[in-house]
Structure formats: structure tokens, C-alpha cells
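A look at the structure
Read off the chains here:
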Amino acid sequence: MVQINIENVTKKFEKKNKVTMALQHINLDIDSGEFFGILGSSGSGKTTLMRIIAGLEIPTEGTVSFDQKPVSKDNKIITEVEDRNIGMVFQNWALYPHLTNFENIAFPLRIMRLKESAVNRRVKEIAELLDISEVLNKHPKEASGGQQQRVAYARALVKNPALLLLDEPFSNLDATIKDVARKYTKELQNILGFTAIIVSHDPADIFSLSRQVGVINKSLIMQTGKPIDVFTDPVSIEVARSTGEYNTILVNVKENGLRYNLSVGNMLNMDIDISKVKKSDTIEYPAGEVLLGFRPSDVIVIPSDMAGSSDLPRGFKECGEAEVAISSYYQGSFRVTLSFKDSSESFFCFHNTPLQPGEKVNIYLNPDLIHLFNAKTNKIIF
Ligand SMILES: Nc1ncnc2c1ncn2[C@@H]1O[C@H](COP(=O)(O)OP(=O)(O)OP(=O)(O)O)[C@@H](O)[C@H]1O
Ligand SMILES: [Mg+2]
């Protein structure tokens, strides 16, 4: 296990006249034995960061340290990739198609010129742990997707690395085996004891595996913390969207005595205690047009003709009416998109029965489960 410190790392790619800032001023401290997740959309800089940690790419500026010792610093590699004691698993697994699975896994040991008996023992040990003993004599193509992925893991782990780097390792797997793969990833860390860093665009990977997360967006780390804290208290709309689906509605906000009143025309009307806003450490008070944000799981809709007949979870208050635009089947429930009369704003939520387009529903929100964002910067107000 190894502790990783990334200090003020910037990576600039220059090709002909085109400059790409892939990473800017990245600071991350990853404890020894940690499972750290980096969440970000396509092109945000995730792979570049992994390659810099691995020593496959040189940081233009800044320092990467392993156990407090710089391994890359200011445009120089100090410790080469082969001396960093790391294992890597990539999205496409990068197995050698002409080699058997055994030889794929043995590859890092062959480079070390280990004795045949030691290679044999070590490959068989790790293959047993990953339950791929029966495909060792086959070629990668002759194994299932899940097995190929485990061959890639075995090759990454065969040298007992102190650090495992996972770059979108599950994106080529069917949904049904993704969870199996996540589970054995966690178990491998418990058994073998390594520091792990996973980068992914899929919040499910991060929430199932990592204890700490950094959200990266357009080359910048936007927020770090425990996954659940980043999920419930995002610093911006971009972070909210990176961690899962999120609704935003442009609302008008007016201060009204001890409350803020939020409205969309006369279709949405909601009061929030002013103390809730002033208590927080925000310096910006909401005024004019702001973005109201909430998770689709944090809004309840009930057909207007049935409203009042059901018990609501604590804290939810009626705050207006919307009309069903479309309702479609989605993973065991119905995904419903709703719009407001005379407004272009819309939002979506999940409902356990299909709703009909045009149907009127009452909307219920919980003031503790919403956020307001600056409509120009997308930054959190509270
Ligand atoms: N070798 C390179 N030369 C020039 N530009 C590069 C190079 N590698 C990456 N980039 C650019 O740096 C930015 C970050 O790329 P990177 O591959 O790190 O993103 P990513 O978050 O891994 O994306 P994805 O989720 O699609 O894999 C992109 O704009 C990309 O085009
Ligand atoms: Mg990538």
C-alpha cells in the first residue's frame, strides 16, 4: 500500500498550434490503503491523471509523490513506470490477443525474468483467486467478457502492486455482471491490500467502491469528499450531474419576511425559511432568477384528482401543479417528464404507475432536499 500526493499538477498538450489544458492545478491526497474514486464526464482529464500517476505521462507542472517521495516533478519523471510498483486495468483491458491468458498474466513476471516455477506458482495463485483457472490455456477471445476482465485484473495484480489504477474497468461489461465485478474488486483489495484509484463517468462505480471521491470537470477538480456528501451537497450543478441525475428549474425568488418565496409563474410556489439560508456559510443571498435543483428521487408527484388521499413522507410540502409530458417504462418504474403551463421549464421523476400525457399532477418537494444555484455560474447558493 502506498500514499499518493498530487500537488498543483497541470498537464498541457501542445500539438502544432493547438494547446489543450488536460489538467489544471490538481491537488489530491490519497491515503495508504484508500479506495479513491475520480468521477467526471468524457474529456474531463481522468485518463490523463491516471497516466500521470502511473508515470506514462509527464506533468507539465507540479509534483506527484508516492509515500512522500516525488516520483514526477515539474516536467520530469523521477521514478519510471516499471519502478512504481503499480498495476493497471484499462477500459478495453488491453490483453495481448496472440498470447494465452496464462501468458498474458505471466507477462509482467517474464519481464522480471522470474524462474519458470515461480511464474507458474504465482499465475496459478492469482488465477485461482479470480476464478479463471479453467481459461488459462485459452486465448482472450475464447473467454467471456467477465473472464477477460478478470484476466486483466490478474495481470495487473500478479506482481502484488502497492497501487492499483482502474480506468473505466467495467464499461465493457454487461449490466448484470458489472455488480459482480465491483464486488470482487472490493474483495481483492481486502485480500491483497493495495491502494486503489478508479476513474469513471459512472457514479455507480464510485458509490459501490470508493470511500473518497474527487469530481473532475473540464480539467479541474471541483469537489472532494465522501461520495454521499458530494451527492447530497454538491458545490455546483456540474457536480450534482456528475454524481447522478439532477433536475434544475429556473425560478424567481423573492424575499418575503422570514421566508424566501420561489415561483415559476403561478404553477410552482414554495417557501423556504430564511434562517436556512443565512445559517450556512454562503455569502450570496438568492435574488431574482436562480436555479432550483433537486434529484428526481426527491420529488413526489400525485395525480391532482387523487391528491390529499395519500400520506406523504415527512418534510414534503405541496408546491404547485405540473402536466405530464411523457411517461416511459424505466428499470421497474416509470420515468415521467413534467412541464409547467406557460413555461418552458420541465423536470422528471419516477413513479410506480404510468401517467398519461396531459394528466395534471400535484408536486411535492422537501425544502431540506433542494438546493439553489446561481443561474449564471451554476455555483451553489445554499
Ligand atoms: N496525447 C494527447 N494529445 C493531445 N491531447 C490529448 C492527449 N491525451 C488527451 N488529450 C486531451 O486532453 C483532454 C482530456 O483527455 P482524457 O483522455 O484525460 O479525458 P477522459 O476524462 O479520460 O475522457 P474519457 O471519459 O472520454 O476517457 C481531452 O481534451 C483530450 O482530447
Ligand atoms: Mg479516459
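Residues numbered from 1 in each chain as written. Chains lettered and ligands numbered in written order. Predicted model: local features only at pLDDT ≥ 70, side-chain atom pairs only at ≥ 80, totals over all residues. Heavy atoms only, no water.

Put simply, the test is: UniProt positions are given in the numbering used here, feature names are shortened, and annotations may be inferred rather than shown by experiment.
Per an unreviewed UniProt entry, the protein chain carries the name Molybdate/tungstate import ATP-binding protein WtpC and comes from Ferroplasma acidarmanus Fer1. You can read under Function (unreviewed entry) in the UniProt record for the protein chain the words "Part of the ABC transporter complex WtpABC involved in molybdate/tungstate import. Responsible for energy coupling to the transport system."

1. A short note on the domain arrangement of the protein chain
How large an interface is tends to be reported as the accessible area lost when its parts come together. The condition that has to hold: An automatic or database domain assignment is the source of the domain bounds shown. Once two parts are put together, the accessible area they lose, assessed with a 1.4 Å probe and summed over both, is termed the buried area. Salt bridges are defined as contacts in which a side-chain nitrogen from Lys or Arg sits within 4 Å of a carboxyl oxygen from Asp or Glu. Put simply, Ala, Val, Leu, Ile, Met, Phe, Trp, Tyr, Cys and Pro go in the nonpolar bin, Asp, Glu, Lys and Arg in the charged bin, and everything else, Gly too, in the polar bin.
By the assigned domains, the protein chain splits into domain 1 (4–238) and domain 2 (247–374). On a C-alpha basis, the centroid separation for the pair domain 1 and domain 2 is 40 Å. Between domain 1 and domain 2, a total of about 480 Å² is buried, with carbon and sulfur atoms accounting for 69% of that surface. The largest share of the area that domain 1 buries against domain 2 comes from Phe231, Pro234 and Ile237, three residues that together contribute 80% of it. One can count zero salt bridges joining domain 1 with domain 2. Of the residues belonging to the side of domain 1 that touches domain 2, the class tally is three nonpolar, two polar and one charged.

2. Some thoughts on the side chain of Lys11
Going by this rule: In this text, helices come from DSSP runs of H or I with a minimum length of four residues, and strands from runs of E with a minimum of two, each type numbered from the N-terminal end. Residue exposure (1.4 Å probe, protein chains only): buried if accessible area is under 20% of the type maximum, exposed if over 50%, otherwise partly exposed. His is not counted, nor are the chain ends; Lys and Arg add positive charge and Asp and Glu add negative charge. Note on contacts: a residue pair is in contact if any heavy atoms of the two residues lie within 4.5 Å.
Its place among the elements puts Lys11 in strand S1 (residues 4–15). One buried charge, Lys11, has no salt-bridge partner; the nearest side chain with opposite charge is Glu57, at 4.1 Å. With residues up to four places along the chain from it excluded, the contact list for Lys11 reads Thr20, Met21, Ala22, Leu23, Thr48, Ile52, Glu57, Ile58, Pro59 and Thr60.

3. Quick notes on the sheet that holds strand S8 (residues 163–167)
Formally: The pairing criterion is simple: DSSP has to find at least two bridges between the two strands. Angles run from 0 to 180 degrees between N-to-C directions of axes, and those axes are lines fitted to C-alpha atoms, restricted for helices to the stretch in contact.
The six strands lie next to each other as S7-S8-S9-S3-S10-S11, forming an open sheet whose pairing is mixed. The open sheet is flanked by strand S7 (86–89) and strand S11 (220–225), the only strands paired with a single partner. For this sheet, the mean angle separating the axes of adjacent strands, direction not counted, is 15 degrees. Sheet analysis places strand S3 (residues 35–39) next to strand S10 (residues 212–217), joined by four bridges and oriented parallel. Residue pairing for S10: Ile38 is matched across the bridge by Gly214. Most of the contacts of helix H1 (residues 46–54) go to S8, to which it runs at about 160 degrees, and overall it touches S3, S7, S8, strand S9 (195–200) and S10.

4. Section: the sheet that holds strand S4 (residues 61–66)
Taken in spatial order, the five strands make up an open sheet running S2-S1-S4-S5-S6, and their pairing is antiparallel. The open sheet has two edge strands, strand S2 (18–30) and strand S6 (76–77), and neither has a second partner. Direction of pairing for S4 relative to strand S5 (residues 69–73): antiparallel, over a ladder of four bridges. Each bridged residue has a counterpart across the sheet, and for Thr63 the counterpart in S5 is Lys73.

5. Looking at the site of ligand 1
We apply this condition: Being near a molecule or strand, for a residue, means having at least one of its heavy atoms within 4 Å of it. Any pair of N or O atoms that falls within 3.5 Å is considered a polar contact. Within protein, one atom must be able to donate a hydrogen and the other to accept it, and sequence-neighbouring residues count only if both atoms are side-chain atoms. Each accessible area is a Shrake-Rupley estimate made with a 1.4 Å probe; only the visible protein chains count as cover when residues are assessed.
For ligand 1, the full set of nearby residues is Phe13, Lys15, Thr20, Ala22, Ser41, Ser42, Gly43, Ser44, Gly45, Lys46, Thr47 and Thr48. Ser42 places a polar side-chain atom, nitrogen or oxygen, 2.6 Å from an oxygen atom of ligand 1. Gly45 is positioned with one of its backbone polar atoms (N or O) 3.0 Å from an oxygen atom of ligand 1. Computed on the free molecule, ligand 1 has an accessible area of 640 Å², of which 63% lies beneath the protein chains in the complex. If you tally residues by element for the shell around ligand 1, the top one is H1, at three residues. Classifying every residue of the shell around ligand 1 gives two nonpolar, eight polar and two charged.

6. Points about the pairing of S5
Two successive antiparallel strands, S4 and S5, enclose a turn made up of two residues, where Asp67 displays a positive phi of approximately 45 degrees. Between the end of S5 and the start of S6, which pair antiparallel, lie two residues, with Asp74 showing a positive phi angle near 40 degrees.

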